[in-house]
Amino acid sequence: KQLSHHYLQLQLAGSGQNTAGVGAKVFLYANGQQQYLEQMPTRGYQSSVSPILHFGLGSVTTVDSLQIVWPSGKQQLRRHIAANQRLTLREQEAQGTYRAKNKVKPVFTEVQSPIGFTHQPAAVNDFKRQPLLVNPQSFAGPCLVKADVNGDGLADVYAGGSTGQPGTLYLQQRNGTFTVKPNPAFIADKASEDTDALFFDANGDKHLDLYVTSGGYGNYLPQDPLLQDRLYLGDGTGNFTKAAAALPTMLTSTSCVRANDVNGDGALDLFVGGRVIPGRYPEAPRSYLLLNNGQGQFKDATAQLAPQLQHLGMVTDAAWHDLNNDQQAELILVGEWLPVTVFQHQNGKLQDNTQAYFAQPQRGWWNKLLIGDFNQDNKADLLVGNLGLNAQCQATDKQPAELYYKDFDENGSVDPILCFYMQGKSYPYVTRDELLDQLSMMRTRFPDYKSYADATLQDIFTPEELKGAKRLVANNLKTSYFVGGANGQFTPQALPIEVQFAPVYAMTTLDYNQDGHPDLLLAGNQHQARLRFGRYDANYGVLLQGDGKGKFTYVPPGQA
């Protein structure tokens, strides 16, 4: 459908040899809103775009004002400009001089980290392992957890290592510095990838112990011994020894561990989320409910107490929280291609009761979960990090993203086919070259690019080939804020658009302006994304100021 929207195009004529006005900044103001473009037509080596600056105006027919700041420091101001024209602006006609506004002192200033840890990510390409993989799986670290492990009243930090890099414990000193506490047990397990960690008292000796989840994808086999999670027992002084027989066999690439006394015996039990099966994306890995006997020995009770958890899906994060005030914590889970899911105690078991908390499924590529009372009404609210909206893949209830998977060519490998809607029709987001890399049988079916150009999933595969294929759906790719209501259900509430500029992988609450209201800090980005998706790197740290009533305002980077 052709929309009757308006525009304004600008052609810049700079002085001297800078004929295209490269580096000029243009501010457009209309109906109380501002647009900004900078004349920078180059996009890489031997690559460029049109030097004509194009502003989309929507229903606006007249621009209130244009401010042009040339690289020389000259400035022009034009007012009341009609839409739907190409306007030429010449630097030689600029009469004013630009004066920058006084910079606001930012709330935060960068300082050198007191912890001298540098994460060494694995040098792997997950897409060599599985060419049709949707999202990379090998870059979940580093995990950082804190606790007072030696009883001196100061928070100490464990930094998880990557494959070939041991995790490291840092003890805080009275002067605010941190020193490395050597632990041979961590070095012995350096071949594993630390994706999450948890300090808790596993054996009831009043000393903190450390559980570390083992993840990874590109360098591991589905039943790799290096995927076994680990429990290290602490002695209260910062020394940890591995409890080799404390855990059941768990050869799963795991993502998170959360503690709660599930059976009411006074000992902390564990939920461990399964992230992925190496080489078998997106098949559902095992997740675990581990019961503690009080002596630091854990048994797998998933089949008995939470059978729905065993192969729920690709879990990325979880939390225990009492959502309904029954004095028993519910288990809230998020994951890739999963709905935000709530497990509740019913008849002595943990059972999926998501429908009691959400009017409709909220399925996304969820990365991180944060629970807080952001509107201060004594009810839990949820903040869940997601892909965001600054991406090629978009999803709604009516036009979801879909993933069909099966061993289509029967060679023993899983073939995932990502589909999403473009101009009202669903197409596979797989190029002909990518498809042939995974499914060589398609060479005769699509001998050239023209034959493949407009192919849908039903054109690529026959009905017989699609028979038995499994389907995953995502209808919400926004980083989302769900407010807990009086009826016990969560209602989506809008966040500032800047939150959606990049994937969110880390979130925390703070009160940066000390007004007594919870504020939020969100971080993210993804540099190892699928080549066609490109790098997601528009998050410089998103600071949101809360008003104490559940509303948040974006704090610009210059102020933050």
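These figures come from a predicted structure and were not determined experimentally.

## A closer look at the overall build of the protein chain
Part 1: Across its full length, the protein chain holds seven helices and 39 strands.
Part 2: Taking 2.2 N^0.38 as the reference for a compact globule, 560 residues should give roughly 24 Å; the C-alpha atoms of the protein chain span a radius of gyration of 27 Å, in line with that estimate.
Part 3: A buried classification covers 49% of the 560 residues belonging to the protein chain.
Part 4: In the protein chain, the share of contacts with a sequence separation of at least 24, taken over all contacts with a separation of at least 6, comes to 55%.
Part 5: A total accessible area of about 27,400 Å² is found for the protein chain, and carbon and sulfur atoms account for 49% of it.
Part 6: One way to put it: in the protein chain the 46 positive side-chain charges average out to a point 9 Å from where the 53 negative ones average out.

## Observations concerning the sheet that holds strand E18 (residues 240-242)
Part 1: Read from one edge of the open sheet, four strands run E15-E16-E17-E18, paired in antiparallel fashion. One side of each edge strand has no neighbouring strand; the edge strands of this open sheet are strand E15 (193-200) and E18. Across the sheet, the axes of successive neighbouring strands diverge by a mean angle of 25°, strand direction being ignored.

## Points about the pairing of strand E31 (residues 415-422)
Part 1: Among the eight residues in E31, six count as buried, and that is most of the element.
Part 2: Taken together, the five bridges between strand E30 (residues 401-406) and E31 define a ladder with antiparallel strand orientation. Of the residues in E31, the one forming a bridge with Glu402 is Cys419.
Part 3: Where E31 and strand E32 (residues 425-428) come together, four bridges link them in antiparallel fashion. Following the sheet pairing, Tyr421 is matched in E32 by Ser426.

## Describing the sheet that holds E30
Part 1: Sheet architecture is open: four strands sit in the order E32-E31-E30-E33, paired in antiparallel fashion. The open sheet terminates on both sides in strands that have one partner only, identified here as E32 and strand E33 (470-474). The average angle at which neighbouring strand axes cross in this sheet is 25°, direction not considered.

## Let's talk about the pattern of salt bridges
Two side chains carrying opposite charge are able to pair once their charged atoms lie near each other.
Part 1: Scanning the entire structure with this criterion turns up 13 salt bridges.
Part 2: Between Arg445 and Glu465 there is a salt bridge, with its nearest N and O atoms 2.9 Å apart. With Arg445 in the loop between helix H4 (432-438) and helix H5 (449-452) and Glu465 in helix H7 (residues 463-466), the pair connects residues that are 20 residues apart, well separated along the chain.
Part 3: The class of Arg445 is partly exposed, set by a relative accessible area of 32%.
Part 4: The network of salt bridges with shared partners includes Asp196, Arg258, Asp317 and Lys368.

## Some words on the UniProt feature "domain: ASPIC/UnbV" (unreviewed entry) in the protein chain
Part 1: According to UniProt, the positions carrying the feature "domain: ASPIC/UnbV" (unreviewed entry) are residues 21-88.
Part 2: The straight-line gap between the two end C-alpha atoms of residues 21-88 is 11 Å; of that span, 0% is helix and 63% is strand.

## A short note on the packing of aromatic side chains
The relation between two aromatic rings is expressed through the spacing of the ring centres and the mutual angle of the planes.
Part 1: According to the stated counting rule, one finds 19 aromatic pairs in the structure shown.
Part 2: When the ring of Phe27 is compared with that of Tyr36, the centres are 4.9 Å apart and the planes differ by 40°; the resulting orientation is tilted.
Part 3: When its relative accessible area of 38% is taken as the criterion, Tyr36 is described as partly exposed.
Part 4: Centre to centre, the rings of Trp366 and Phe482 are 6.4 Å apart; their planes meet at 70°, and the pair counts as edge-to-face. With Trp366 in the loop between strand E27 (363-365) and strand E28 (368-372) and Phe482 in strand E34 (residues 480-484), this pair connects stretches of sequence that are 116 residues apart. Residues Trp366 and Phe482 agree in their burial class; the two are buried.
Part 5: The positively charged end of Arg532 is found above the aromatic ring belonging to Tyr429, 3.9 Å away from the centroid.

Cut-offs applied
Residues numbered from 1 in each chain as written. Predicted model: local features only at pLDDT ≥ 70, side-chain atom pairs only at ≥ 80, totals over all residues. Heavy atoms only, no water. Helix = DSSP H or I, 4+ residues; strand = E, 2+ residues; numbered from the N terminus. Rg over C-alpha atoms; globule rule 2.2 N^0.38 Å. Buried < 20%, exposed > 50% of the residue type's maximum accessible area, 1.4 Å probe, protein only. Contact = heavy atoms within 4.5 Å. Areas by Shrake-Rupley, 256 points an atom, 1.4 Å probe, with all protein chains shown as cover. Lys, Arg positive; Asp, Glu negative; His and termini not counted. Charge placed at Lys NZ, Arg CZ, Asp CG, Glu CD. Pairing = 2+ DSSP bridges. Axes fitted to C-alpha atoms, helices over the stretch in contact; angles between N-to-C directions. Salt bridge = Lys/Arg side-chain N within 4 Å of Asp/Glu carboxyl O. UniProt positions renumbered as here; feature names shortened; annotations may be inferred. Phe/Tyr/Trp six-rings, centres within 6.5 Å; stacked < 30°, edge-to-face > 60°. Lys NZ or Arg CZ within 6 Å of the ring centre and 35° of its normal.

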